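Geometric and topological summary
Here is how the chains run, residue by residue.
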Amino acid sequence: MRDEDQKALFMNWLNEHGPSVMKVARAYTLTAEDCQDLAQEILLQAWRSLPTFEHRASAATWFYRIALNTAMNWHRKDKPRRLTQQPLLEVHSATVGSNSADQVQHRDTVEQLYKAIHQLPKADAALVLLYLDDLSYREMAEILGISESNVGVKLNRAKKALSDLMKESAHVPG
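Residues numbered from 1 in each chain as written. Predicted model: local features only at pLDDT ≥ 70, side-chain atom pairs only at ≥ 80, totals over all residues. Heavy atoms only, no water.

1. Quick look at the pattern of salt bridges
Using the following cut-off: Put simply, a salt bridge is a Lys or Arg side-chain nitrogen that is within 4 Å of an Asp or Glu carboxyl oxygen. Under the scheme used here, helices are H or I runs from DSSP no shorter than 4 residues and strands are E runs no shorter than 2 residues, and both carry numbers assigned from the N terminus. Exposure categories follow from relative accessible area, calculated using a 1.4 Å probe and restricted to protein chains: below 20% of the type maximum is buried, above 50% is exposed, and the middle band is partly exposed.
Under the counting rule described, the total for this entry stands at five salt bridges. Lysine 23 is the partner of aspartate 133 in a salt bridge, and the nearest nitrogen-oxygen pair spans 2.3 Å. Of this pair, aspartate 133 sits in the loop between helix H5 (122-132) and helix H6 (137-144) while lysine 23 sits in helix H1 (residues 3-27), and the two are 110 residues apart along the sequence. For aspartate 133, a relative accessible area of 18% translates into the label buried. Between glutamate 111 and arginine 26 there is a salt bridge, with its nearest N and O atoms 2.9 Å apart. Placement of glutamate 111 in helix H4 (residues 101-119) and of arginine 26 in helix H1 is noted, with a sequence separation of 85 residues between them. For arginine 26, a relative accessible area of 12% puts it in the buried group.

2. Structural notes on the environment of lysine 122
Just so we agree on the cut-off: Here, two residues are considered to be in contact whenever any of their heavy atoms come within 4.5 Å of each other.
For lysine 122, the position within the fold is in helix H5. Expressed as a C-alpha distance, the spacing of lysine 122 and alanine 71, which sit 51 residues apart in the sequence, is 9.4 Å. Sequence-distant contacts of lysine 122, defined by excluding residues within four places in its chain, comprise Ala27, Tyr28 and His75.

3. Section: H5
Within H5, eight of the eleven residues are buried, which leaves the element mostly enclosed by the surrounding structure. What H5 keeps buried is the set Lys122, Asp124, Ala125, Ala126, Leu127, Val128, Leu129 and Leu130.

4. What to know about the packing of aromatic side chains
This is how it is decided: Each aromatic pair joins two rings of Phe, Tyr and Trp (for Trp, the six-membered one) with centres within 6.5 Å, and gets the label stacked for planes under 30 degrees apart, edge-to-face for over 60, and tilted for any other angle. The rule is short: NZ of Lys or CZ of Arg within 6 Å of the ring centre and within 35 degrees of the ring normal puts a charge over the ring.
This structure, assessed with the given rule, holds five aromatic pairs. Geometrically, the ring pair formed by phenylalanine 10 and tryptophan 47 is edge-to-face, given 5.3 Å between the ring centres and 85° between the ring planes. With phenylalanine 10 in helix H1 and tryptophan 47 in helix H2 (residues 32-49), this residue pair connects regions lying 37 residues apart in the sequence. Among the residues examined, phenylalanine 10 registers a relative accessible area of 9% and is labelled buried. Arranged with centres 5.4 Å apart and planes meeting at 55°, the rings of tryptophan 13 and tryptophan 62 form a pair that is tilted. A residue pair is termed long-range when its members are at least 10 positions apart, and tryptophan 13 in helix H1 and tryptophan 62 in helix H3 (residues 59-84) qualify at 49 residues. The same class applies to tryptophan 13 and to tryptophan 62, which are both buried. Aromatic rings pair up to connect Trp13, Phe53, Trp62 and Phe63 into one cluster. Above the ring of tyrosine 114, the side-chain terminus of arginine 26 is found at 4.0 Å from the ring centroid. In this structure, lysine 122 is placed above the aromatic ring of tyrosine 28, and the distance from its NZ or CZ to the ring centre is 5.1 Å.

5. Considerations on the side chain of threonine 29
Here is the rule: In protein, a polar contact requires one atom able to donate a hydrogen and another able to accept it; more generally it is a pair of N or O atoms within 3.5 Å, and residues adjacent in sequence count only if both atoms are side-chain atoms.
Of note, threonine 29 is situated in the loop between H1 and H2. Within the structure, the side chain of threonine 29 is placed 2.8 Å from the backbone oxygen of alanine 25, a separation counted as a polar contact. If near-sequence neighbours (up to four positions away) are discounted, threonine 29 is found in contact with Asp34, Cys35, Leu38, Trp74 and His118.

6. Topic: the environment of serine 49
Assignment of secondary structure puts serine 49 in helix H2. Judged by its relative accessible area of 13%, serine 49 is buried. Linking serine 49 and phenylalanine 63, residues 14 residues apart in sequence, is a C-alpha distance of 9.9 Å. Aside from chain neighbours lying at most four places away, what touches serine 49 is Trp62 and Ile66. Polar contacts involving the side chain of serine 49 include one to the main-chain carbonyl oxygen of glutamine 45, which spans 2.9 Å.

Given below as structure tokens:
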């Protein structure tokens, strides 16, 4: 693949799948700075891996797989640093600065959801992210390397755990 073709393809996929990269990065980080760092790492890994793309999966599946694998590796490598640090600020949604009651409530719900996703085991968090992005069971199975029926079982368990976490956080003042 010529450099110009690779660059054009990457930019096209970045436009299509960039929001998915940010969702994965946000789910695996605690601060806005870490989120940006992880998103950059995911995009760098995607760029490096693009010449090896064999068209066996869709671009969306390939991009998600790169994002999730990079995020899980980043999370594993970064664990010692995170154990000794606490975030100064929590990650805020793109609607920070909005002030209508509906926007504030939506932002709070999204914040609560991401906090709950952070508490899930990382494999479950990845599955929930794929579900929230409306991927089919087949696409989720392909990305995660598990069967479609296993996706259904794991997703039901993850949704139950997420629901319990959301209920717990709704009862915690703060």
